[in-house]
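Below, each chain spelled out in residue letters.
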Amino acid sequence: MTIETITPIYTAHGKATGGREGTATSGNQNLKLSTPRELGGAGGEGTNPEELFAMGYAACFIGALKAVGAGQKIAVPADTSIESSVSIGKILHGFSIAVELKVSLPGLAPDVADKLIADAHMVCPYSNATRGNIDVKLSRI
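Cut-offs and rules
Residue positions within a chain follow its written sequence, with the count starting from 1. Only residues with pLDDT of at least 70 are given local features in this predicted model, and only at 80 or more are side-chain atom pairs given and counted; all residues enter the totals for whole chains, interfaces and linings. Hydrogens and water are ignored here; the side-chain numbers use all heavy atoms of the structure. UniProt positions are given in the numbering used here, feature names are shortened, and annotations may be inferred rather than shown by experiment. The working definition used for a salt bridge is a side-chain nitrogen of Lys or Arg within 4 Å of a carboxyl oxygen of Asp or Glu. We count a stretch as a helix when DSSP gives it H or I for four or more residues in a row; a strand needs E for two or more, and each element gets its number in order from the N terminus. Burial here depends on accessible area, computed with a 1.4 Å probe over protein chains only, as a share of the maximum for the residue type. Under 20% is buried, over 50% is exposed, and the range in between is partly exposed. Contact definition: two residues touch when any of their heavy atoms are within 4.5 Å. Either an automatic procedure or a domain database provided the assignment from which the domain bounds are taken. Buried surface area refers to the total accessible area, computed with a probe of radius 1.4 Å, that the two partners give up upon joining, counted for both partners together. Here, any two strands with at least 2 DSSP bridges between them count as paired.

- Labelled according to an unreviewed UniProt entry, the chain appears under the name Organic hydroperoxide resistance protein, originating from Asticcacaulis benevestitus DSM 16100 = ATCC BAA-896.
- Heading Sequence similarities (unreviewed entry) of the UniProt record for the chain holds this comment: "Belongs to the OsmC/Ohr family."

See below:
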């Protein structure tokens, strides 16, 4: 598989200190991190990398839906939402993640919504970054 080189349009910067029990900062965000009990941590009020990935992928995928919709002259509903789940688990050599995106496109015909979701999955930066590396399940709700 050949890696395509990009010409950056925007670059985000972040910093993590202390790992899963530390902090993560980016721009005006300063987040406390905590390890979920399921991963041997204390849980707590902080967030974790899987939650951050879930939110980022969902938001980015909605952006892809809007971009594809505009190109196909399909009005993406203003109340479009995505329920995103990111699971972490063991694989043969370490750990990996799996993603499930449940896409709600209220008011769109099922066949139109399904095509829009499939087309958005082909252009979404998160989908392109994960394609062939992790399981990504897409469904319409």
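Further notes follow.
## Some remarks on the pattern of salt bridges
- Within the structure shown, the criterion is met by 4 salt bridges.
- Its salt-bridge partner being E100, residue K137 comes within 3.8 Å of it at the nearest N-O pair. Of this pair, K137 sits in strand β6 (residues 136-140) while E100 sits in strand β5 (residues 94-104), placing them 37 residues apart in sequence.
- Its salt-bridge partner being D114, residue R140 comes within 2.7 Å of it at the nearest N-O pair. Here R140 is found in strand β6, whereas its partner D114 is found in helix α2 (residues 110-123), with 26 residues between them in sequence.

## What about the side chain of S34?
- Looking at where S34 falls in the secondary structure, it is placed in the loop between β3 (29-32) and α1 (49-71).
- Look at S34 and you get buried, because its relative accessible area is 5%.
- Among all residues touching S34, those that are not within four sequence positions of it are R20, E21, G43, G44, E45, G46, T47 and N48.

## Describing the domain arrangement of the chain
- The domain architecture assigned to the chain consists of domain 1 (1-47) and domain 2 (48-140).
- For domain 1 versus domain 2, the distance between C-alpha centres works out to 19 Å.
- Domain 1 puts 8 residues into the contact, and the matching count from domain 2 is 7 residues.
- Overall, the association of domain 1 and domain 2 removes approximately 580 Å² of surface from exposure, summing both partners, and the carbon and sulfur fraction of that is 61%.
- Taking the shortest distance from any N to any O, the salt bridge between R20 and E50 comes out at 2.5 Å.

## Thoughts on the pairing of β3
- Strand direction decides the pairing type here: strand β2 (residues 23-26) and β3, joined by 4 bridges, are antiparallel. Across the sheet, residue T25 finds its bridge partner in β3, namely N30.
- Joining the antiparallel neighbours β2 and β3 is a turn of 2 residues, in which G27 adopts a positive phi near 55 degrees.

## Some thoughts on unusual backbone geometry
- If you check the backbone angles, K73 has positive phi at about 60 degrees while not being a glycine.
- Its location among the elements puts K73 in the loop between α1 and β4 (81-91).

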